Amino acid sequence: MSELPINESIRLAREHFFNGCGVPSGLVSGYISRSWQRCAEQGLSARQAAEPLALSAGDFAQHQADNRRLINLAQPEMENLYRQLSHARTMITLTDADATILAMLGDQDFLVELRGKSICEGMRWDEATMGTNALGTTVIEQRPLIIHGAEHYLERNALFTCSAAPIHDPAGRLLGVIDISADHLRRESQTLALLTMSVRMIENRLFFLEYGQHFVLRFHSRPEFLHTLWEGITVFDGDGTLVAANEEALTQLGLTRANMAGQCFSSLFDSSLPSVLRDGNGSFMSSLTLREGGAVYGLMQSPRPQAAPVRPRPAPAAAAPDLLRQAGEDPAMERQLLRAARAFAARIPVVIQGETGTGKELLAQALHRSGSRPDGAFVAVNCAAIPEGLIESELFGYRDGAFTGARKGGHAGRILQAHGGTLFLDEIGDMPLALQARLLRVLQEREVLPLGADKAIPVDIDVICATHHQLSAAVTGGRFRQDLYFRLNGLRVELPPLRKRSNFAAILEQMLADLGAGDVRLTARAQQAVSTYEWPGNLRELHSVLRTALVLCDGNCIDLEDLPEELLGALHQGRACVREAAALAAPATDLESMELDAIRHAIDQCAGNISEAAQQLGISRATIYRKLKNAS
């Protein structure tokens, strides 16, 4: 008998189940059958229009603060996933352990549509209320899963295909769930695999954050799998007692969460922890023999030195290490960031200027943590990503019935969600002029008036803005209000693009450490390639490239072939095009002059259009500007 098409099998499964006949084996996954049964026992009707529990603005702000570390760890992986998927009608969601949505990322038109279906931050999508769904069902099943179309218990949710994976802490406790939802017509097998890899990255990183004062052993039976997602990670205290282990370690050691308690180093390996530390001295060891037979290759990481006690100091000084990390050992940038910290701690607004991917939001988060209210909410709003027709309700909120399609019970805007904390307005230069006036009033009066409300609500926020525009030029051009500019521009921080950073090597080393690969090095060829590349995506692109290279590399060395083909191709094409254009241009006596002549010739051919000339030459506009500037 040929296999049934997936939609037909789901239809038959629903027909049998809702007629009281159970689900025949093989039509849907076991976790779907179990979930349907739980929903039926809860008394849910497949046709009911259930609404999730919605947290108040104050409760949601506290909820985000309580889960700040999880959000900070998950956001880079969510952004990387979204870049890899890059589909319209796709959404990536992070929840806590109760299926309450903490953060969302996705196609803006799709997000707007989902808000109308009560899928937005602060909503709790538990299975008992919302039926079979990837978020709530993953919380119960505690395993990666896919729920496609009509596999959702409630008919209203059959429009989506959702892949979800749980995030566990080193002790195996559930921290949250990441979900990728898309149009129900698209079911892609690689989505769950990508999601599971991202979750492993988050979980492995947690080991090194939580157990910096312990002995951490990374191991695998094959040395090429060290520093990959498939390595085992175990944590031991000073007495050699096993404190924590990831799933890969448990599998390789033949343990479970239930029987790992009481295990020690010498009960797992044919050696003691002191002897390994003495013989290996924390370096790469040829092998460790397992008590149960077999051998593994391992790398032992000793506890980080305890920081000296810090005497009470003002908030900016105490938070300096966090900020200096953003500077990457650049003295000039260190001074700039410390000035910003002092200003922000005094509740002076800060504007962060820089290209896309230079780390503006990361810096804003560091400033928030260094400010006078680090425990308050940090609420980020991308003014360029929210459609103009929705940004007013998104920022200022609305009351029940304020307009057609408004959510029942109303919506607390982002400004109120930031009460007692920090409001981060990313790409502030793209905010519509009409809303600039409303924002100015909020900052002046310290109160916000939601749409449809007749009474303003007091609000207490600190403000950080970011933009890739020159706001002063936008003011001159009439695109930005001068009075709002002076209100926001308390102190300006300029983040240079990666190609202009003088401390590239330090940034590279720090990013490898952040990825849990501080002992990984680049070969001379790879180092030359990454140093020469223009990095149009800046720090975000560098993070993605290194993350991929760490998966592909052998041992603890990244070579040229481990780098993405796009990067190598861009380098090769750029050099070849410049050389070719230089040869066709006016004769010159050296390569530098030939390149400069080729650039000028291309600009003349393109009637002064720098973008068109850059495209013709196969190099970036920034390269053209830099070479022309150096020649002047």
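Procedures and definitions
Residues numbered from 1 in each chain as written. Predicted model: local features only at pLDDT ≥ 70, side-chain atom pairs only at ≥ 80, totals over all residues. Heavy atoms only, no water. Pairing = 2+ DSSP bridges. Helix = DSSP H or I, 4+ residues; strand = E, 2+ residues; numbered from the N terminus. Axes fitted to C-alpha atoms, helices over the stretch in contact; angles between N-to-C directions. Contact = heavy atoms within 4.5 Å. Core = buried A, V, L, I, M, F, W, Y, C linked by side-chain atoms within 4.5 Å. Buried < 20%, exposed > 50% of the residue type's maximum accessible area, 1.4 Å probe, protein only. pLDDT = per-residue confidence, 0-100. Expected span 1.5 Å × (residues − 1). Arc of directions from axis to C-beta. Parallel < 35°, antiparallel > 145°, perpendicular 65-115°, else oblique. Left-handed = near helix turned anticlockwise from the far one by under 90°. Phe/Tyr/Trp six-rings, centres within 6.5 Å; stacked < 30°, edge-to-face > 60°. Lys NZ or Arg CZ within 6 Å of the ring centre and 35° of its normal.

As summarised here, the arrangement of the 5 strands in space is S3-S2-S7-S6-S5, forming an open sheet in which the pairing is antiparallel. The sheet terminates laterally at strand S3 (101-106) and strand S5 (145-148), the two strands that pair on one side only. Ignoring which end each strand starts from, the neighbouring axes of this sheet average 20° apart. Pairing between strand S2 (residues 90-96) and strand S7 (residues 174-183): 7 bridges, direction antiparallel. Within S7, the position partnered with Thr93 by the bridge is Asp179.

Now for the side chain of Asn157. Summarising the element assignment, Asn157 is placed in the loop between S5 and strand S6 (160-168). Not counting residues up to four positions away in its chain, the partners in contact with Asn157 are Trp125, Met130, Gly149 and His152.

Here we take up the sheet that holds strand S13 (residues 350-353). Here 5 strands make up an open sheet; going across it, the order is S14-S15-S18-S13-S19 and the pairing parallel. The two strands at the open ends of the sheet, each matched to only one other strand, are strand S14 (378-382) and strand S19 (491-494). Strand-to-strand, the axes of this sheet are offset by a mean angle of 20°, without reference to chain direction. Bridging between strand S15 (residues 422-426) and strand S18 (residues 462-467) involves 5 bridges; their strand directions are parallel. Bridged to Phe424 within S18 is Ile464. Here helix H15 (residues 360-370) sits on the sheet in contact with S13, S14, S15, S18 and S19, set at roughly 155° to S13.

Here we come to the nonpolar core. Grouped together as the largest cluster of nonpolar side chains are 56 residues, with contacts concentrated most on Leu94, Ile119, Ile178 and Leu195. Residue contributions to this core peak at 7 residues, all from helix H4 (residues 68-85). Here Leu94 is in contact with Leu70, Ile71, Ala74, Met78, Thr100, Ile101, Leu102, Ala103, Ile167, Val177 and Ile178, once residues within four sequence places are set aside. By size, the runner-up hydrophobic cluster in this structure holds 34 residues, among which are Ala61, Phe396, Leu425 and Ile428.

For Ala99, which is not glycine, the phi dihedral falls at a positive 70°. Inspection of the secondary structure assignment puts Ala99 in the loop between S2 and S3. Note on Ala99: relative accessible area 1%, which makes it buried. Residue Glu427 is not a glycine yet carries a positive backbone phi of 55°. Here Glu427 shows up in the loop between S15 and helix H18 (433-445). Assessed through its relative accessible area of 8%, Glu427 is described here as buried.

Of the residues in the chain, 85% have a pLDDT of 70 or more, and the chain-wide mean is 81. Low pLDDT, under 50, characterises residues 307-320; the stretch is placed with 9 contacts to residues that sit more than four places away or in other chains.

A separate point is H18. Its 13 residues place the ends of H18 19 Å apart at the C-alpha level, agreeing with the 18 Å of an ideal helix rising 1.5 Å per residue. Buried residues of H18: Leu435, Gln436, Leu439, Leu440, Val442 and Leu443, and no others. Across the axial projection of H18, the buried residues extend over an arc of 160°, all falling on one side. For H18, the exposed residues set more than 90 degrees away from the buried face come down to Ala434 and Arg441.

Turning our eyes to something else, we now look at the packing of helix H14 (residues 331-345) against H15. Close contact between H14 and H15 brings their axes to 9 Å; oriented N to C, the two are set at 50°. Comparing their axes, H15 and H14 come out oblique. For H14 against H15, the interelement crossing comes out right-handed. Residue-level inspection shows Leu337, Ala340, Ala341, Phe344 and Ala345 of H14 in contact with H15, the latter providing Leu363, Leu367, His368 and Ser370.

Given two aromatic rings, their pairing is described by the distance between the two centres and the angle made by the two planes. A complete count under the given rule lists 12 aromatic pairs for this structure. Centroid distance Phe265 to Phe269: 4.9 Å. Interplanar angle 40°. Geometry classified as tilted. Assigned by exposure class, Phe265 and Phe269 land together as buried. Taken together, Phe17, Phe18, Trp36 and Tyr153 form an aromatic cluster joined through their ring pairs. A cation sits over an aromatic face here: Arg14 above Trp36, 5.6 Å from the ring centre.

To continue, consider the pairing of S7. For a regular strand, side-chain orientation follows a simple rule: the groups alternate between the two sheet faces. Most of S7 sits out of view: 9 of its 10 residues are buried. Pairing of S6 with S7, which is carried by 9 bridges, proceeds in the antiparallel orientation. Among the inter-strand pairings, Pro166 is bridged to a residue of S7, identified as Val177. Hairpin geometry of S6 and S7 is characterised by an intervening segment of 5 residues between the two adjacent antiparallel strands and by a positive phi of about 90° at Gly172.

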